[in-house]
Amino acid sequence: MKLSVASVSILALAGSANAWSNAIRHTGARTFAAAALQGVSTEMAGEEKTESFRLAFKEGDATISPWHDIPLKGEKGYNMVVEIPKMTKAKMEIATKEESNPIAQDIKKGNLRDYHGPIFWNYGCLPQTWEDPNEEHPELKVFGDDDPIDVVEIGSKTLGMGSVTEVKPLGVLAMIDDGELDWKVVAIAVDDPLAEEYNDIDDVPKAVQDGIREWFRWYKTPDDKPLNGFGFDEKFLDKAEAEKVIDETNEAWKKLKSGDAEAEKVIDETNEAWKKLKSGDTEAGKLWVN
């Protein structure tokens, strides 16, 4: 199912420093507003702060994907799906490998993942984008991280988990995490008081730029992970480059959805090989069946 631009509205929920309390407004039906127009909402399943927690997106009675069904662009900017509200620690993310892609807490080595300190900005992703793990960047010589492109929203409000907020890109940082390209789009909500004066990366105070870069450089080191690196001499690229990167990841997503992406081909080939193995059509399969 694909939503029209009009189906998504701007929503920014303020609250405490708890990812769930400022992200989810309870009702008797345990359904929470994500976008007010045409019945788009979020619905919680499972228990907060456990592996069972899921925040699903709904349009009426139908479950939709925040990655595939929410449009990339809104009326005034790009639609950001908020995964982690500012000043919280729980590492929430769209579950790209699950059906309908609900928001869940990341798990590493069997444990729920939390940052070791709060993130100072709202964090999320742009729907209908994909950093292709089969596409090598021509200058950086690294491949995409297989996720939607990330957004760091630097506005004054706390945006609720699961909210869909229109933002304007200001710049982009090429983070290299474990040998993979992991773009970070710096953006601001179009309705934020600072949006009038922030129009490109040079408008963003250097202290904010440095803070974003250093937070992402160091945030994994408490787990004995190496420092993250950055391409392009660690500089933020400007708004025009950010929109170019967004367009490229949107094109990659279109290929993924159409089945043209190399990843899809690999999956299909693997499935076919498995079918042959099970049916005994290969020498190995005959031995396995027998």
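Structure: above.
Computed from a prediction, not measured in an experiment: that's the story for all the values here. (Residues numbered from 1 in each chain as written. Predicted model: local features only at pLDDT ≥ 70, side-chain atom pairs only at ≥ 80, totals over all residues. Heavy atoms only, no water.)

1. Focus on the side chain of glutamate 166
Alright, step 1. Tracing the backbone through its elements, the reader meets glutamate 166 in strand S13 (residues 164-177).
Alright, step 2. Buried and unpaired, glutamate 166 has lysine 76 as its nearest opposite-charge partner, separated by 7.2 Å. (Helix = DSSP H or I, 4+ residues; strand = E, 2+ residues; numbered from the N terminus. Buried < 20%, exposed > 50% of the residue type's maximum accessible area, 1.4 Å probe, protein only. Lys, Arg positive; Asp, Glu negative; His and termini not counted. Salt bridge = Lys/Arg side-chain N within 4 Å of Asp/Glu carboxyl O.)

2. Topic: helix H1 (residues 206-218)
Alright, step 1. Taking 1.5 Å as the rise per residue, H1 with 13 residues should run 18 Å; its terminal C-alpha atoms sit 18 Å apart, in good agreement.
Alright, step 2. Buried within H1 are the following residues: Gln209, Ile212, Arg213, Trp215, Phe216 and Arg217.
Alright, step 3. Elements in contact with the buried residues of H1: strand S10 (122-125), strand S12 (150-153), S13, strand S14 (180-189) and strand S15 (229-230). (Expected span 1.5 Å × (residues − 1). Contact = heavy atoms within 4.5 Å.)

3. Some details on the pattern of salt bridges
Alright, step 1. For the structure shown, the criterion picks out 14 salt bridges.
Alright, step 2. Between lysine 220 and aspartate 177 there is a salt bridge, with the nearest N and O atoms lying 2.7 Å from each other. Placement of the pair is lysine 220 in the loop between H1 and S15 and aspartate 177 in strand S13, with a sequence separation of 43 residues.
Alright, step 3. The class for lysine 220 is buried, based on a relative accessible area of 18%.
Alright, step 4. Overall, the relative accessible area of 13% leaves aspartate 177 in the buried class.
Alright, step 5. Lysine 206 is the partner of aspartate 210 in a salt bridge, and the nearest nitrogen-oxygen pair spans 2.8 Å. One end of the pair, aspartate 210, and the other, lysine 206, are both in helix H1, four residues apart, so they sit about a helical turn from each other.
Alright, step 6. Overall, the relative accessible area of 60% leaves lysine 206 in the exposed class.

4. Some points on the layout of surface pockets
Empty space among the atoms can be located by rolling a probe the size of a water molecule over them.
Alright, step 1. The calculated volume of the largest pocket comes to roughly 1300 Å³.
Alright, step 2. Grouping the constituent residues of the lining of the largest pocket by class yields 14 nonpolar, five polar and 23 charged.
Alright, step 3. Here the second largest pocket defines a volume of roughly 560 Å³.
Alright, step 4. Looking at the lining of the second largest pocket, the elements that each hand over two or more residues are strand S11 (143-144), S14 and helix H2 (239-258).
Alright, step 5. Here the lining of the second largest pocket takes eight residues from H2, the largest share from any one element.
Alright, step 6. Grouping the constituent residues of the lining of the second largest pocket by class yields eleven nonpolar, four polar and eleven charged. (1 Å grid on protein atoms, 1.4 Å probe; cavity = no way out; pocket = protein on both sides within 12 Å on 5 of 7 lines; lining within 4 Å. Points joined across faces, edges and corners; volume = space filled by probe spheres on them. Nonpolar A, V, L, I, M, F, W, Y, C, P; charged D, E, K, R; others polar.)

5. Quick word on the environment of leucine 55
Alright, step 1. Structurally, the position occupied by leucine 55 is in strand S3 (residues 54-59).
Alright, step 2. Sequence separation between leucine 55 and alanine 95 is 40 residues; the distance between their C-alpha atoms is 10.0 Å.

6. Section: a negative patch on the surface
Alright, step 1. A cluster of like negative charges, contributed by Glu135, Glu136, Glu139, Glu196, Glu197, Asp202, Asp203, Asp238, Glu241, Asp247 and Glu248, occupies part of the molecular surface.
Alright, step 2. As for its position among the elements, glutamate 196 is in the loop between S14 and H1.
Alright, step 3. On the basis of relative accessible area, glutamate 196 is assigned to the exposed category, the value being 74%. (Patch = residues over 30% accessible without salt bridge, like charges linked within 9 Å, V, L, I, M, F, W, Y side chains within 5 Å. Areas by Shrake-Rupley, 256 points an atom, 1.4 Å probe, with all protein chains shown as cover. Charge placed at Lys NZ, Arg CZ, Asp CG, Glu CD.)

7. Some points on H2
Alright, step 1. For H2, spanning 20 residues, the distance from its first C-alpha to its last is 29 Å, which sits close to the expected 28 Å at 1.5 Å a residue.
Alright, step 2. Regarding H2, the residues found buried are Ala242, Val245, Ile246, Thr249, Asn250, Ala252, Trp253 and Leu256. End-on, the buried residues of H2 take up no more than an arc of 160°, which puts them together on one face.
Alright, step 3. Sitting at the head of H2, aspartate 238 places a side-chain oxygen 3.3 Å from the backbone nitrogen of alanine 240.
Alright, step 4. Downstream of H2 by one or two residues, glycine 259 has phi in the positive range, about 90°. (Arc of directions from axis to C-beta. Polar contact = N/O pair within 3.5 Å; in protein donor to acceptor, adjacent residues only side chain to side chain.)

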